[in-house]
Amino acid sequence: MNNENNRGQWASNLGFLMAAVGSAVGLGNIWGFPYKMGANGGFAFLIVYLVLVIFVGFATMLGELALGRKTGLGVIGTYRMLNKKFAWVGWLGFLSGFFILSFYSVLGGYTLRYAIGFLMELFSEGAGFGGMGSGEFFGSFIINGGANLLFHGIFMALTIVIVMGGIASGIEKFTKIAMPALLVMLVIVIIRSVTLEGASTGIAFMFAPNFSAFSEIGFMKVLKTAAGQMFFSLSLGMGCMITYGSYLSKQENLEKNALIIPIADTIFALMAGLAVMPAVGAFMSQGVEGISFGAGPGLLFVTLHQVFSVGMGGFIGNLFGFVFYFLVFIAAITSSISLLEVCTAFFIDSKVQKGQVANRKKITIIVGLVIFLIGIPVGLDGLGSGVAGGATIDIPAVVFGMDEVRVAFDCWLDFYDMISEGVFMPLGAILMSVLIGWVLKTNIVKEEVEASDGIKMKAYAFWDFCFKFIVPIGILFVLLGQLDDFFGLGIF
Ligand code: PHE
């Protein structure tokens, strides 16, 4: 089943692609991209986004995949092997995985709750959401600590079960079924969504080119939003693609893979927009109460719930509600398994390097359990609604060594998100480009791409230039943008 060193390997390149695209396509595509695109210039935003994908996303993706395959290790092992002084960069990625997954799993639990809710409504009215309205149900659900932990636990348990199965017989096997299923469900929802009366309002909101948004919002702000979105959406900067790359055979073409993943992720993001925004626009223009364009949890769990339960309503509404939330759940779990694998791989590598046989099942269960525990505060504070012991996390100035900065987060999710997406991930990626581009020189990536006879790196000059110059600047931008968002520094 495994290759000789007991770490595991993808059975096929297609299987690898399903897993990697599965990692990339997640909540970020569904609740972030459509609204951000609409609110930041529509088609004009898309152009900025695509430019970033080509110059920063592709280059970083190829760098991560090549490093992972070169060392055959997870994120910590990879950095340690490349340069002892950079080993801590691997730890940044590892910790990002921990923190992201601990809140991602709580949100994944929400998607599961909503899918089950609509399924139950199909059979008996009021059974799924207790006869409550969208806002009311959401408000009562997020402060229900027990229910939150239950679904967080179920979501985490499912993630563990898949990762326990290993690379080819766990992750690959699951994503090879899940990703095509996701695509089919998405197409079904899109067809329903774009054929609704008034759908064009939503299509116009998302796609209409509005270049004046650049001057109204400020081009730097738009750029920052696009860069941050791209980075998270492509699962970059925390070693996910390093880890997945480490299970790839030397025969496979890394350059081609590094191109396919961002293209597929962007197509999925646009499709998610076509599934969501036309439906929102349709019922908004029909005057259904409580429906307007938005982003984040509000869009996914309040507005869209209203779209299905009131806008569409009845049997059809429940049916499409179920299909939609189930597809979001699938998108979330194919991302969460990649996050867990980043953390699990470190312990497996440590065993293997000591010449011992790694017990993947045991390691996965323990790591998953710890992540579940770290996620508990996220599940209990009601997204900061201040109820059910809603915590305010006050980070004193000492932590930052700056007297004037005293930061209060009113929700654990934001706090974890700030540590991981806000700081560790962009920092990790900047350091990767400095390490590879400047300390070790980029030909180590070229050599790895060309590891197998007959494969020549076609875009080396382009990649080299992007990786050395555009990636660090682009990601510094992400870092500043995130810090600006979280701390309200007013840079942009
Ligand atoms: N790319 C995923 C999304 O869009 C999130 C993710 C980030 C997954 C980092 C793995 C690593 O939701």
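Going along each chain's sequence as written, the residues are numbered from 1 onward. Owing to the predicted nature of the model, reporting of local features is limited to residues with pLDDT of at least 70; listing and counting of side-chain atom pairs is limited to 80 or more, with chain, interface and lining totals taken over all residues. The side-chain values count all of the structure's non-hydrogen atoms but skip hydrogen atoms and water molecules.

K.L.:
Quick rundown of the overall build of the protein? Include the residues and the values.
P.N.:
Numbering goes from the N terminus for both helices and strands, where a helix is a DSSP run of H or I of at least four residues and a strand is a run of E of at least two. Tallying secondary structure elements over the protein gives 20 helices and two strands in all. Dimensions of the protein, computed from C-alpha atoms along their principal axes, come out at roughly 60 × 55 × 50 Å. Relative accessible area decides the class of each residue, using a 1.4 Å probe on protein chains only: under 20% of the type maximum gives buried, over 50% gives exposed, and in between gives partly exposed. Out of the 492 residues belonging to the protein, those deemed buried represent 59%. Residue contacts are defined here by distance: any two heavy atoms, one from each residue, within 4.5 Å place the two residues in contact. A separation threshold of at least 6 residues defines the contact pool for the protein, and within that pool the share at least 24 residues apart is 80%. Only the protein chains shown count as cover for residues, with accessible areas throughout obtained via the Shrake-Rupley method and a probe of 1.4 Å. Accessible area of the protein: about 18,200 Å², with a carbon and sulfur share of 67%. When charges are tallied, Lys and Arg are placed among the positive residues and Asp and Glu among the negative ones, while His and the ends of the chain are skipped. We put the charge of a Lys on NZ, of an Arg on CZ, of an Asp on CG and of a Glu on CD. Distance between charge centres in the protein, computed from 26 positive and 29 negative side chains, equals 13 Å.

K.L.:
Talk me through the site of the ligand; I want residue IDs and the actual numbers.
P.N.:
Lining the immediate surroundings of the ligand are 14 residues, of which Ala24, Leu27, Gly28, Tyr104 and Phe232 lie closest. Any N or O atom pair separated by 3.5 Å or less is treated as a polar contact, with the protein-specific requirement of one donor-capable and one acceptor-capable atom, and with residues adjacent in sequence counted only for side-chain atom pairs. Within the contact set of the ligand, a nitrogen atom lies 3.2 Å away from a backbone nitrogen or oxygen of Ser23. Alone, the ligand offers 320 Å² of accessible surface; in the complex the protein occludes 100% of this. Breaking the shell around the ligand down by element, the ones donating at least two residues are helix H1 (13-24), helix H2 (27-39), helix H11 (219-233) and helix H15 (314-353). All residues other than Ala, Val, Leu, Ile, Met, Phe, Trp, Tyr, Cys, Pro, Asp, Glu, Lys and Arg, Gly among them, are scored as polar; the first ten of these are nonpolar and the last four charged. In terms of residue class, the shell around the ligand is built from six nonpolar, eight polar and no charged. We call a residue near a molecule or strand when any one of its heavy atoms sits within 4 Å of it.

K.L.:
Quick one: what's the story with the confidence of the model for the protein, residue by residue and with numbers?
P.N.:
Across the chain, each position has a pLDDT score giving the predictor's confidence in that residue, from 0 to 100. On average, residues of the protein carry a pLDDT of 92, and 94% of them reach 70 or more. Under a pLDDT of 50 for its full length, residues 396-406 has, in the predicted model, 10 contacts with residues more than four places off or in other chains.

K.L.:
Could you give an account of the side chain of Ser105, with specific residues and numbers?
P.N.:
For Ser105, the position within the fold is in helix H5 (residues 87-123). Taking relative accessible area as the criterion, Ser105 reaches 0% and is therefore assigned buried. Non-local contacts of Ser105, meaning those with residues more than four positions away in its chain, are made with His152, Phe155 and Met156.

K.L.:
So what's going on with H2? Which residues, and what values?
P.N.:
Expected span of a helix, by definition, is 1.5 Å for each gap between consecutive residues, and there is one gap fewer than residues. Compared with an ideal rise of 1.5 Å per residue, which puts 13 residues at 18 Å, H2 spans 18 Å between its outermost C-alpha atoms and is within 8% of the ideal. In this analysis the local bend is the angle between axes fitted, respectively, to the seven residues ending at and the seven residues starting at the residue. Along H2, the sharpest kink reaches roughly 35 degrees, centred on Phe33 and followed within four residues by the proline Pro34. Every buried residue belonging to H2 is among Leu27, Gly28, Asn29, Ile30, Trp31, Gly32, Phe33, Pro34, Met37 and Gly38, and all of these are buried. Once H2 finishes, Gly41 follows within two positions and takes phi at roughly 115 degrees, a positive value.

K.L.:
Describe the environment of Met418, with residues and values.
P.N.:
Mapped onto the elements of the fold, Met418 is located in helix H18 (residues 412-440). When the C-alpha atoms of Met418 and Glu197 are compared, they prove to be 40 Å apart, with 221 residues separating the residues in sequence.

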